[in-house]
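So you can see what is in the structure, the chains are spelled out below.
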Amino acid sequence: MSVFRTFEAEIAKAVAALAAEGVLPAGLDTKNIVVEPPRDPSYGDLATNAAMVLAKPAGKKPREIADALVAKLKKDARVTAADVAGPGFINLRLDSTVWQAELRSAIQQHARYGDTTIGAGAPVNVEYVSANPTGPMHVGHCRGAVLGDVMANMLAKVGFKVSREYYINDAGGQIEVLARSTHLRYREALGESITIPEGLYPGDYLKPVGEALAKRDGAKWRDAPEADWLPAMKAAAVDAMMALIRDDLAALGIRHDVFFSERMLHQSGAIPAAIADLEKKGLIYVGTLEPPKGQKPDDWEERPQTLFRATQFGDDVDRPLKKSDGSFTYFAADIAYHRDKYLRGFARMIDVLGADHAGYIKRVKAAVAALTDRQGELDVKTCNLVKLLRAGEPVKMSKRSGDFVTLRDVVDEVGKDVVRFIMLTQKPESALDFDFAKVTEQSKDNPVFYVQYAHARIRSVLRRAATEAPGVPTDAAALAQADLARLTHPAQAALMKIVAQWPRVAEGAALSHEPHRIAYFLYDVASAFHALWNQGTEAPEHRFLGGGDPEITKARLALIQGVAAVLASGLAVLGVEPVEEMRG
RNA sequence: GUCCCCGUAGCUCAGAUGGAUAGAGCACAGGAUUCCUAAUCCUGGGGCCGGCAGUUCGAAUCUGCCCGGGGACACCA
């Protein structure tokens with residue numbers, strides 16, 4: 001449990017005690033009380049808004065409550081100072097042993113530091129990527145891929161039981177296009193010369209699929225009617241494309257637990273079952289929709305449709321479940337898919353989608369609310385575009401000619417770690433610039449480098465300690481026993497407190513589904529470390545290996561080992577490797 | 001026309017679910033080197049948080065109406 005959580009509990013206890021004494025009314029809600037680092041470190045170590053939150057329900061002045069709480073909190077031996085400030089903030093200063101204990105636990109737990117059980121093993125389903133299996137992954141997919149993956153990592157870290165899921169859109173019209181394109185490549189493999197008409201996929205990646213089919217089936221499908229070969233082409237092509245996609249994902253360090261096929265949903269009867277479910281709740285009817293305002297599609301016709309009452313659950317219009325030819329819409333299948341997740345035990349679901357799907361969110365949420373009688377919880381995260389730049393100039397991409405930038409191109413050029421980290425350097429709702437020149441630059445303009453460099457510096461010092469400070473141990477077990485009271489420099493104490501913030505940050509990021517907070521925090525940690533480092537360049541006696549006294553050196557090594565633990569722990573959540581050295 | 005995102009320093013962006021004097025990086029001006037080297041650090045200037053109302057002890061954060069930028073709007077996936 002983080003220091004902050006610990007004191008949240010202490011404050012709740014103090015509130016209960018005051019209630020028992022009749023100073024405060026009984027049964028006050030303490031859930032809005034937060035304990036956080038104060039804006040200005042000179043105020044103290046911890047700040048809480050407790051008195052202000054309780055003022056209204058208790059019918060008392062904030063300062064009055066604050067004074068009462070302070071009196072209670074001062075009795076805690078760990079609290080060395082407690083006072084009231086501003087409109088009613090309570091600022092606490094903690095004994096240094098509290099922070100020392102936290103540092104020891106960081107050293108001992110290393111990459112597992114920050115793991116908590118707050119998720120209590122509750123299942124969470126994170127669906128991400130879900131790119132159409134019609135070709136290799138496009139660079140546009142990688143932001144959502146990283147976002148979803150890191151979200152899954154974070155949730156696992158704080159104790160949820162996470163399932164990473166990929167929804168294979170293998171049932172729609174684009175799969176038929178893929179199958180026809182594959183058939184052409186198949187004929188090409190049999191010796192025909194082909195031209196690829198407009199509307200089919202021109203990419204070379206279908207060539208091996210055609211060749212494999214020619215080898216396996218011979219000329220069997222060459223002159224057969226389309227209806228005969230279509231299923232075989234579909235199956236082979238989808239399998240091959242999914243293999244490509246899995247490879248692409250692996251290059252990004254991503255592995256899903258479940259690949260869920262939309263086609264299976266159609267074949268299993270799950271869609272009518274889901275609709276029947278909604279029908280029982282009186283949420284299905286036949287009606288006609290208003291034509292869309294604005295640009296009206298050319299082929300718009302007014303006709304009665306099978307509709308889901310999405311408006312009862314916050315959507316703008318009711319949504320059709322069947323197309324004009326009687327088959328189910330994509331949304332109908334998606335309803336069945338989310339119902340399936342819920343029936344598999346996932347009351348918590350997260351979908352990561354592209355920003356162009358933003359208009360889709362309300363209806364899926366409506367469907368989940370309807371299907372689960374509002375028991376299921378779906379969070380949909382959308383992520384905006386990634387603008388590729390090369391030294392400031394936009395990279396031209398033309399989908400039509402097939403020369404788009406693939407995810408693999410980018411990963412091969414700059415590396416998995418850079419891609420993953422940079423994708424999280426901005427909150428997902430805003431567009432992100434990805435400049436090849438900048439992200440591989442070795443300067444503090446490049447946050448990946450900056451954080452990696454901090455870790456490398458620490459590792460370097462620890463390696464060097466063997467020769468420069470023989471007799472001082474550098475293994476975690478020994479460092480955890482160091483006399484941390486020897487850390488007397490204010491910057492050292494400050495860094496120790498930053499280390500202790502990691503569990504709180506990890507938890508906050510996980511519960512709010514905001515991975516970018518971790519990237520920003522790691523940058524701050526690195527920054528504090530680099531600053532301390534430079535204390536040593538100006539005053540050699542402040543160097544980690546320059547204290548003179550072996551006990552001092554040991555304490556300093558313990559401190560940076562703790563910093564390394566936070567960096568390793570945080571980078572592990574981001575799926576980025578902490579590096580040992582960066583020379584060269 | 002409706003809906004969804006975005007608008008914070010010259011530029012690129014954080015801002016923890018309503019808190020204290022709004023923060024970083026880049027750029028600009030000055031200074032400090034070699035425990036991973038100036039690959040880093042320190043100091044400094046720089047803001048009507050798009051605008052106007054409202055909610056309350058308190059708003060960059062919540063509500064409403066505007067302005068500007070992006071995206072989506074039966075049947076595609």
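The shown structure was predicted, so the numbers you read here are calculated from the model rather than taken from an experiment. (Residues numbered from 1 in each chain as written. Chains lettered and ligands numbered in written order. Predicted model: local features only at pLDDT ≥ 70, side-chain atom pairs only at ≥ 80, totals over all residues. Heavy atoms only, no water.)

Enquirer: Just to check I follow, could you spell out the overall build of chain A for this structure?
Expert: Of regular secondary structure, chain A possesses 21 helices and 15 strands. The principal-axis extent of the C-alpha atoms belonging to chain A is close to 85 × 65 × 40 Å. Within the span of chain A, comprising 584 residues, buried residues form 49% of the whole. Of all intrachain contacts in chain A linking residues separated by at least 6 positions in sequence, the fraction that spans at least 24 positions is 73%. (Helix = DSSP H or I, 4+ residues; strand = E, 2+ residues; numbered from the N terminus. Buried < 20%, exposed > 50% of the residue type's maximum accessible area, 1.4 Å probe, protein only. Contact = heavy atoms within 4.5 Å.)

Enquirer: For this particular structure, what's the right way to read the sheet that holds strand β13 (residues 386–390)?
Expert: Hydrogen bonds between backbone groups are what pair the strands of a sheet, and the pairing can be parallel or antiparallel. Read across the sheet, three strands follow the order β14-β13-β15 without closing on themselves; strand pairing throughout is mixed. Each edge of the sheet is formed by a strand with only one pairing partner; in this case those strands are β14 (393–394) and β15 (432–435). Bridge count for β13 against β15 is four bridges, and the pairing is parallel. When the bridges of β15 are listed, L388 appears paired with F434. Most of the contacts of helix α14 (residues 416–423) go to β15, to which it runs at about 155 degrees, and overall it touches β13 and β15. (Pairing = 2+ DSSP bridges. Axes fitted to C-alpha atoms, helices over the stretch in contact; angles between N-to-C directions.)

Enquirer: I would appreciate a short explanation of the layout of surface pockets in the present structure.
Expert: Vacant regions in the atomic arrangement are exposed by a probe of water-molecule size rolled over the atoms. Reported here for the second largest pocket is a volume of approximately 460 Å³. Forming the boundary of the second largest pocket are 19 residues, of which R457, S460, V461, R464 and W533 lie nearest the centre. Within the residue set of the lining of the second largest pocket, elements represented by two or more residues are α16 (447–468) and α20 (516–538). In terms of residues, the lining of the second largest pocket owes the most to one element, α16, which gives eight residues. Residues that form the lining of the second largest pocket fall into these classes: eight nonpolar, four polar and seven charged. (1 Å grid on protein atoms, 1.4 Å probe; cavity = no way out; pocket = protein on both sides within 12 Å on 5 of 7 lines; lining within 4 Å. Points joined across faces, edges and corners; volume = space filled by probe spheres on them. Nonpolar A, V, L, I, M, F, W, Y, C, P; charged D, E, K, R; others polar.)

Enquirer: Mind showing me how you'd approach the packing of aromatic side chains here?
Expert: Given two aromatic rings, their pairing is described by the distance between the two centres and the angle made by the two planes. Taken as a whole and assessed by the stated rule, the structure comprises 16 aromatic pairs. A centroid spacing of 4.1 Å and a plane angle of 5 degrees characterise the contact between Y167 and Y337, whose relative ring orientation is stacked. Placement of the pair is Y167 in strand β6 (residues 161–168) and Y337 in helix α11 (residues 330–343), with a sequence separation of 170 residues. Neither Y167 nor Y337 differs from the other in exposure class; each is buried. The interplanar angle of 55 degrees and the centroid separation of 6.1 Å between the aromatic rings of W533 and F544 together place this pair among those described as tilted. Linking W533 in helix α20 with F544 in the loop between α20 and α21 (550–574), this pair joins segments that are 11 residues apart in sequence. Take W533: its relative accessible area is 24%, and that puts it in the partly exposed class. Through a chain of ring-to-ring contacts, the aromatic side chains of Y167, F260, F308, F313, Y330, F331, Y337 and Y360 assemble into a single cluster. Against the face of F259 rests R246, its NZ or CZ located 4.0 Å from the ring centre. Taking NZ or CZ as reference, R363 lies 6.0 Å from the ring centre of F331, over its face. (Phe/Tyr/Trp six-rings, centres within 6.5 Å; stacked < 30°, edge-to-face > 60°. Lys NZ or Arg CZ within 6 Å of the ring centre and 35° of its normal.)

Enquirer: Explain the environment of A156 to me, please; I cannot follow it from the model alone.
Expert: Looking at where A156 falls in the secondary structure, it is placed in helix α5 (residues 142–157). For A156, a relative accessible area of 37% translates into the label partly exposed.

Enquirer: For this particular structure, what's the right way to read unusual backbone geometry?
Expert: Peptide bonds are trans in most cases, and residues, glycine excluded, mostly fall at negative phi. Unusually for a residue other than glycine, H110 sits at a positive phi of about 45 degrees. Structurally, H110 can be placed in the loop between α4 (96–109) and β5 (123–127). Backbone geometry places A120, a non-glycine residue, at a positive phi of 50 degrees. Following the sequence through the fold, A120 ends up in the loop between α4 and β5.

Enquirer: It is not clear to me how the nonpolar core should be interpreted in this structure. Could you clarify?
Expert: For soluble globular proteins, nonpolar side chains are generally found buried alongside one another. F434 and L574 are the most contacted members of the largest nonpolar core, which has 146 residues in total. Counting residues per element, this core draws most heavily on α21, which supplies 13 residues. Each residue touching L574, except ones within four places of it in the same chain, is listed here: V150, R420, F421, L424, I518, A519 and L522. Of all hydrophobic cores here, the second largest spans 34 residues; its members include Y167, I271, L278 and L353. (Core = buried A, V, L, I, M, F, W, Y, C linked by side-chain atoms within 4.5 Å.)

Enquirer: How do you make sense of the environment of T406 when you look at a structure like this?
Expert: In this fold, T406 is placed in the loop between β14 and α13 (407–414). With 270 residues separating them in the primary sequence, T406 and P136 have C-alpha atoms 7.0 Å apart. Apart from residues lying up to four places away in sequence, T406 is in contact with M137, H138 and V139.

Enquirer: Help me out: how do you make sense of the protein's contact with RNA strand B in this one?
Expert: Taken together, 72 residues lie around RNA strand B, and F89, Y450, Y453, R457 and E581 are the ones closest in. At 3.1 Å, a side-chain N or O of R464 approaches a phosphate oxygen of RNA strand B. Here a sugar or linking oxygen of RNA strand B and a side-chain polar atom of Y520 are 2.7 Å apart. Elements that contribute at least two residues to the surface near RNA strand B include exactly β4 (89–94), α6 (173–189), α16, α19 (502–511) and α20. Grouping the constituent residues of the surface near RNA strand B by class yields 28 nonpolar, 21 polar and 23 charged. (Near = heavy atom within 4 Å. Polar contact = N/O pair within 3.5 Å; in protein donor to acceptor, adjacent residues only side chain to side chain.)

Enquirer: Just to check I follow, could you spell out the sheet that holds strand β7 (residues 258–261) for this structure?
Expert: In spatial order, the strands read β7-β6-β5-β11-β12; together these five strands make up an open sheet with parallel pairing. Strand pairing shows two members of the sheet lacking a second neighbour, β7 and β12 (377–383), which therefore form its edges. Between one strand axis and the next, the sheet turns by 25 degrees as a mean value, whatever way the strands run. Here β5 pairs with β6 via five bridges, running parallel.

Interpretation in functional terms is not warranted from these geometric data alone.
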